[in-house]
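Residues per chain, in single letters:
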Amino acid sequence: MLFKGSDGNLWISSDHFLDRFDPVTEVFTHYPSAPGGIEGQVYHISQDGEGKMWLATDHGLVKMDPVTGKTVRDRHD
């Protein structure tokens with residue numbers, strides 16, 4: 001999955017990771033899959049008005065702060 005953020009960064013996801021590519025610095029930032037965070041495949045990426053990333057995964061909806069990398073997961077059964 002690919003998603004272009006409002007800041008121009010490109011987000012790339014697979015079943016084991018989420019990466020952010022900054023086209024200005026040409027640097028990748030890696031966000032690994034981890035229990036309690038970004039877990040499983042990311043099926044959809046969106047961004048809210050505050051710049052937070054929303055990730056739809058196998059294990060629920062994840063809200064991520066792209067600056068700190070901190071996540072909050074809303075788990076489903």
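Anyway, here's the lowdown on the structure attached to this text. (Residues numbered from 1 in each chain as written. Predicted model: local features only at pLDDT ≥ 70, side-chain atom pairs only at ≥ 80, totals over all residues. Heavy atoms only, no water.)

A few points about the sheet that holds strand β1 (residues 2-4)
Then step 1. Taken in spatial order, the 4 strands line up as β1-β2-β3-β4 in an open sheet, and their pairing is antiparallel. Edge positions in the open sheet fall to β1 and β4 (27-32), since each of these has one partner strand only. Sheet twist, expressed as the mean angle between neighbouring strand axes with direction ignored, is 20 degrees.
Then step 2. As paired strands, strand β2 (residues 10-13) and strand β3 (residues 17-22) are joined by 4 bridges and run antiparallel to one another. Looking at the pairing, Leu 10 lines up with Phe 21 of β3. (Pairing = 2+ DSSP bridges. Helix = DSSP H or I, 4+ residues; strand = E, 2+ residues; numbered from the N terminus. Axes fitted to C-alpha atoms, helices over the stretch in contact; angles between N-to-C directions.)

Overview of the sheet that holds strand β7 (residues 60-64)
Then step 1. Taken in spatial order, the 4 strands line up as β5-β6-β7-β8 in an open sheet, and their pairing is antiparallel. Each edge of the open sheet is held by one strand with a lone partner, namely β5 (42-47) and β8 (71-74). For this sheet the average axis-to-axis angle between neighbouring strands, irrespective of direction, equals 20 degrees.
Then step 2. Examined bridge by bridge, β7 and β8 share 4 bridges and lie antiparallel to one another. Looking at the pairing, Lys 63 lines up with Val 72 of β8.

Focus on the pattern of salt bridges
Then step 1. The full count for this structure, using the stated rule, is 2 salt bridges.
Then step 2. A salt bridge links Glu 39 to Arg 73; the nearest nitrogen and oxygen atoms lie 2.6 Å apart. Of this pair, Glu 39 sits in the loop between β4 and β5 while Arg 73 sits in strand β8, and the two are 34 residues apart along the sequence.
Then step 3. Glu 39 gets classed as buried once you look at its relative accessible area, which sits at 19%.
Then step 4. Across the pair Lys 52 and Asp 65 runs a salt bridge whose closest N-O atoms are separated by 3.6 Å. Residue Lys 52 is located in the loop between β5 and β6 (53-57), and its partner Asp 65 is located in the loop between β7 and β8; the two are separated by 13 residues in the primary sequence. (Salt bridge = Lys/Arg side-chain N within 4 Å of Asp/Glu carboxyl O. Buried < 20%, exposed > 50% of the residue type's maximum accessible area, 1.4 Å probe, protein only.)

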